Amino acid sequence: TGKHIYTMDVRLPGMLYAALIRSPVYAGKVVSWDDRALHQVPGFVKVIEIKQIEAALNRNAVAVIATNTWAALEGKRLLRVKWSEYENPVKDSDALFLAFEEEINNGKPAQVFGKVKNAPFVPIGDSNAFHAVYQLPYLAHAPIEPVNCTARFKNGKFELWGGFQAPGTIASVLPKAFGVKKEDILVNLLPMGGSFGRKEKVDNPADAMQLAKLLDKPVQMLYSRTDDMQADFYRPASLHHLSAVATKTQLLQWRHQQGIATFPGKEIAAVWDGYGGAMSDLYYPASDYQSAFYPVESPIPLGSWRSISYNHNVFVVE
């Protein structure tokens, strides 16, 4: 019916609009930009650089500020940004899955589950064993409503409007990043048009707060569907090797080897990706059970994805 008020419906006196061009890779940095074409766009105000805040996990970006949404988005289309080169440990999807394969075949598992935790992993030697391999890609959350945030900075205090899944994280992470007290950030919670784990992150509030403070005016950040897909925190890609020996009535042996993507500099325990059969919680009783995890660093940011690791582990087990 259109009765709900979502973040993009918020209107404040004197509010400006911001469309962001984010680094195409997570750790990329702005070198320079050319905004000459933007000065011909009615409603264009200025271009502002947004800095990466490590605790907020936002990306370096350049924001086009305008008095209306069309001018902001048109300015984003016309702006030319040069980014620093960043050497990623994995170049593309093919290289990532090849690295998974090499780790599983030749590497030492980071964690092993079974009757004895972290005992040596022993493959099944039975020639009658069943074998299966599954490649599962990164997945974006893709909620109907992309993440958005409207922010105002006045008298040394911030006020935010948005559909935030974890407002407590805003209160615990962002005050220190902006040099304010917890009570100096007022969060107006609005309905969420879907989330599934994406809106627990505080990258978009951190971006909007930087803009509001620099502009000294309310600002609404325009987060497009393209932005939403390109700058998400994804379900990790994974490769699964499974082997089993069974009779008609009994599962005798079970092996589950999982190559899992991790994010550089962020310690992610393999157990986090083990729920649903890969962490000694296999639903079907097997007298001889082992699973093993092989983490591979990748430059793609990771985040909670609804049902966490059950969605990929239960799939490959079944």
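Structure shown above.
Each value, and the rule that gives it
Residues numbered from 1 in each chain as written. Predicted model: local features only at pLDDT ≥ 70, side-chain atom pairs only at ≥ 80, totals over all residues. Heavy atoms only, no water. Helix = DSSP H or I, 4+ residues; strand = E, 2+ residues; numbered from the N terminus. Buried < 20%, exposed > 50% of the residue type's maximum accessible area, 1.4 Å probe, protein only. Contact = heavy atoms within 4.5 Å. Areas by Shrake-Rupley, 256 points an atom, 1.4 Å probe, with all protein chains shown as cover. Pairing = 2+ DSSP bridges. Axes fitted to C-alpha atoms, helices over the stretch in contact; angles between N-to-C directions. Polar contact = N/O pair within 3.5 Å; in protein donor to acceptor, adjacent residues only side chain to side chain. Phe/Tyr/Trp six-rings, centres within 6.5 Å; stacked < 30°, edge-to-face > 60°. Core = buried A, V, L, I, M, F, W, Y, C linked by side-chain atoms within 4.5 Å.

Draft legend 1. Here's a closer look at the overall build of the chain. Along the chain, the regular secondary structure elements total six helices and 14 strands. The dimensions of the chain, computed from C-alpha atoms along their principal axes, are 70 × 40 × 40 Å. Every one of the 318 residues in the chain was classed for burial, and the buried ones make up 51%. Residue pairs in contact within the chain that sit at least 24 positions apart in sequence constitute 79% of those at least 6 positions apart. Counting every atom, the chain has about 15800 Å² of accessible surface; 55% of that belongs to carbon and sulfur.

Draft legend 2. Spatial organisation of the sheet that holds strand β12 (residues 238–246). Reading across from one edge, β6-β14-β13-β12-β7 is the order of the five strands in this open sheet, with mixed pairing throughout. Of all the strands in the sheet, the pair left with one neighbour each is β6 (111–114) and β7 (130–136). On average, each strand axis in the sheet is inclined to that of its neighbour by 10°, with strand direction left out of account. Pairing analysis gives four bridges linking β6 to strand β14 (residues 286–297), with the strands arranged antiparallel. Residue pairing for β14: Q111 is matched across the bridge by F293. Contacts from helix α2 (residues 93–106) reach β7, β12, β13 (251–262) and β14, with the element oriented near 40° to β12. Contacts between helix α6 (residues 310–317) and the sheet are confined to β7, β12 and β13, with β13 contributing the most and set at about 145° to the helix.

Draft legend 3. Geometry of the side chain of Q220. Within the element layout of this structure, Q220 appears in strand β11 (residues 219–222). There is a polar contact of 3.2 Å between the side chain of Q220 and the backbone oxygen of T7. A distance of 3.2 Å separates the side chain of Q220 from the side chain of T150, its partner in a polar contact. Leave out the neighbours within four places in its chain, and Q220 touches T7, M8, V10, R11, M15, L16, Y17, A18, C149 and T150.

Draft legend 4. Representation of the packing of aromatic side chains. This structure, assessed with the given rule, holds nine aromatic pairs. Judged by centre distance (5.0 Å) and plane angle (85°), the rings of Y26 and F263 are edge-to-face. Taken as a pair, Y26 in the loop between β1 (16–22) and β2 (30–34) and F263 in the loop between β13 and β14 lie far apart in primary sequence, 237 residues in all. Judged by relative accessible area, Y26 falls into the buried class, the value being 9%. Judged by relative accessible area, which is 10%, F263 ranks as buried. Seen from their ring centres, Y138 and Y234 are 6.4 Å apart, and the 70° between their planes marks the pair as edge-to-face.

Draft legend 5. Broad picture of the nonpolar core. Formed by 34 residues in total, the largest nonpolar core has its most connected members in L20, I65, L160, L174, I185 and L211. Elements with a contribution of two residues or more to this core: β1, β3 (44–50), β4 (61–66), β8 (149–154), β9 (157–162), α3 (167–178), α4 (203–215) and β11. The biggest single contributor to this core is α4, with six residues. Setting aside anything within four residues of it in sequence, one finds I185 in contact with F158, L160, I170, L174, P175, V180 and M209. By size, the runner-up hydrophobic cluster in this structure holds 21 residues, among which are V41, V47, A72 and W161.

Draft legend 6. Molecular detail of the sheet that holds β1. Strand order in the open sheet made by the seven strands is β3-β4-β1-β11-β8-β9-β10, with mixed pairing throughout. In this open sheet, the two strands that pair with only one neighbour each are β3 and β10 (185–189). On average, each strand axis in the sheet is inclined to that of its neighbour by 25°, with strand direction left out of account. Contacts from helix α1 (residues 69–78) reach β1, β3, β4 and β11 within the one sheet, and its direction differs from that of β1 by about 20°.

Draft legend 7. Region of interest: the pairing of β1. With seven of its seven residues buried, β1 lies for the most part within the structure. Neither face of β1 is left uncovered, since the one carrying L16, A18, L20 and R22 and the one carrying Y17, A19 and I21 both have all their residues buried. In this sheet, β11 lies alongside β1 in parallel orientation, the contact comprising four bridges. Looking across to β11, one finds that Y17 is bridged to Q220. Sheet topology places β1 next to β4; six bridges connect them, and they run antiparallel. Across the sheet, A18 pairs through a bridge with I65, a residue of β4.

None of this, on its own, says anything about what the molecule does.
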